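# Secondary and tertiary structure notes
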Amino acid sequence: MDAIVIGAGIGGLCAAIGLRRRGWQVTVLERTARFGEVGAGLTLMANGLRGLDALGVGDRVRAAGHPDTPGGIRTASGRWISRIDGAAMTRLLGTSALGIHRASLHEILRAALPADTIVTGAEVTDIGGQVVYRHDGETVTRAASLVVAADGIDSTVRARLWPGHPGPVHSGSTAWLGVTGPWDGERMAAISWGQGAEFGMVPLGDGRVYWFAAVNAPAGRYVDDDTAAVRARFGGWHAPVPDLLDATDPAAVIRTELRHLATALPSYVHGRVALLGDAAHAMTPNLGQGANQAIEDAVVLASVCGPDDDIPAALAGYDRQRRPRSQQIARAAEQLGRIGQQLSNPVAVELRNTLMRLTPPRTALRSMARHADWTPPQITQA
Ligand SMILES: Cc1cc2nc3c(=O)[nH]c(=O)nc-3n(C[C@H](O)[C@H](O)[C@H](O)COP(=O)(O)OP(=O)(O)OC[C@H]3O[C@@H](n4cnc5c(N)ncnc54)[C@H](O)[C@@H]3O)c2cc1C
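Residue numbers restart at each chain and count upward from 1, following the sequence in its written direction. Selection of residues for local features in this predicted model requires a pLDDT of at least 70, selection of side-chain atom pairs for listing and counting requires 80 or more, and totals for whole chains, interfaces and linings are taken over all residues.

Time to look at the overall build of the protein. Looking only at helices and strands, the protein features 13 helices and 19 strands. Counting over 382 residues, the protein shows a buried share of 47%. For the purpose of contact definition, each residue receives a C-beta atom placed from its backbone, and two residues are in contact when these atoms lie within 7 Å. For the protein, contacts bridging at least 24 residues in sequence account for 76% of all contacts bridging at least 6. In DSSP terms, a helix is any run of H or I states spanning at least four residues, a strand is any run of E spanning at least two, and both are numbered starting from the N terminus. Counting other C-beta atoms within 10 Å of each residue's C-beta, where C-beta atoms are placed from the backbone, gives the exposure class: buried for 20 or more, exposed for 12 or fewer, partly exposed between.

Structure follows, in structure tokens:
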């Protein structure tokens, strides 16, 4: 029984690993011709790590990452408004979160698949009864018993199968992402909130630090000189923010306008096609859950969908399990963005900070751990 996975991002690779464990013959079609050091860092939460354990790659991922030493949330001047007790968090969830370079995670996931599973330079252009893609200058048509659309936020499959859906929209924020060179300064996972701006840092397993900086900005506001823009906005923030910027190769800074699916999809399933990851529920990054949710999708899909199962019935189960949770997390991420990074009125910012300082640490901890507390289903090996 053949399964086709469209897209070799984190979601697609996890789906391929899970489906192969169930006994599927899997082909992953990826439009990129070559994989390089793409992207910056990522935080894997307890839910994502447990999902990777269920896929058999958790130990390799942990070895390549850096267990979070959680700091909490500060103001732009460096005053703490919420501290996280890392040990209590680990006791609550059984694991700390993990900072990892996206390219390291991607490499580990690719290595868990036979080399001929992924077909690069294969861009899916249409999907009806069959999958149509361009490869080596030719148009190829292939049938499969199961198709997993993991083709990201601008999913071709979603646009084709849900033509009435408006697709992703701009969230009102732009972010810059960077990774320092070797770094021997402060190493903790922490976020700082200013007025309509946020700066976050996440230590990586190789001694570097991943940082992200987000500001309120309409689409198209920033077009060039990213280093100057980030320095202008964050150069005067508390230590070590300016030093992290200094320690980063300006050529490697990535700018991304933050978009999400503001209109939730009515289903993640169409016939024998299942949407997964950002294709299904692209969310704002405020909870750091986008990739973690893609991993959950992949694990649940593999758990409900064996090659001998009634596929439409199995996919209905996938949709039932995944849609409510992932869409609720997407809503929560958007709400956190509004009261966190995007809040710009100085009076409202001061009020929020005061309320956060007054929140008992236990309540803050539980609220942060809430979304990460997920137990993966069993994937029965073929
Ligand atoms: C600033 C920022 C910070 C983030 N931080 C975190 C974090 O800390 N933790 C976290 O969990 N998430 C985070 N995320 C979200 C996370 O990056 C995404 O949710 C996740 O990578 C989505 O994975 P995916 O596999 O669904 O999609 P993608 O990674 O986008 O992969 C889609 C793949 O499909 C391929 N493709 C697209 N179209 C086609 C086609 N027609 N044919 C063939 N192939 C195709 C693409 O080339 C790509 O390889 C962050 C996002 C942003 C923007």
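Now for the site of the ligand. In the neighbourhood of the ligand, 34 residues make up the surrounding shell, with G7, G9, G152, G277 and G290 lying closest. Going through the elements one at a time, α1 (10-21), β2 (25-30), β3 (41-44), β9 (122-127), β13 (169-179), β17 (254-260), α9 (278-281) and α10 (290-304) are the ones with two or more residues in the shell around the ligand. Tallying contributions element by element places α10 first for the shell around the ligand, with four residues. The class makeup of the residues in the shell around the ligand is 15 nonpolar, 14 polar and five charged. For each residue, a C-beta atom is placed from the backbone, and the residue counts as near a molecule or strand when that atom lies within 6 Å of it. Lys, Arg, Asp and Glu make up the charged group, whereas Ala, Val, Leu, Ile, Met, Phe, Trp, Tyr, Cys and Pro make up the nonpolar group; the residues left over, Gly among them, are polar.

Now for the pairing of strand β16 (residues 209-216). The two faces of a sheet get side chains in turn, since along a regular strand they alternate between them. A large share of β16 lies buried, amounting to seven of its eight residues. For two strands to be treated as a pair, DSSP must find no fewer than two bridges joining them. Here β13 runs beside β16; their pairing, made up of seven bridges, is antiparallel. Across the sheet, A175 pairs through a bridge with A214, a residue of β16. Relative to β16, strand β15 (residues 197-203) is paired through seven bridges, and the arrangement is antiparallel. The residue of β16 that forms the bridge with P203 is V209. Once β15 ends, the chain turns through five residues before running back antiparallel as β16, passing G207 with a positive phi of about 90°.

A few words now on the environment of L109. Counting through the fold element by element, L109 comes out in helix α5 (residues 102-111). C-alpha separation for the pair L109 and C14, spaced 95 residues apart in sequence, amounts to 6.9 Å. If near-sequence neighbours (up to four positions away) are discounted, L109 is found in contact with I10, L13, C14, I17 and V57.

Moving on, we come to the nonpolar core. Grouped together as the largest cluster of nonpolar side chains are 108 residues, with contacts concentrated most on A15, V148, A149, A274, L276 and L301. Here the element with the most residues in this core is α10; it accounts for nine residues. Definition of nonpolar core: a set of buried Ala, Val, Leu, Ile, Met, Phe, Trp, Tyr and Cys residues joined via C-beta atoms within 7 Å.

Regarding helix α7 (residues 226-234), the residues found buried are A229, V230 and F234. Within α7, the buried residues cover an arc of 100° as seen down the axis, which keeps them to one side. Of the exposed residues in α7, the ones pointing more than 90 degrees away from its buried face are A228 and A232. Buried residues in α7 make contact with β13, β15, β16 and α8 (241-246). Think of the arc as the fan of directions from the helix axis to the C-beta atoms.

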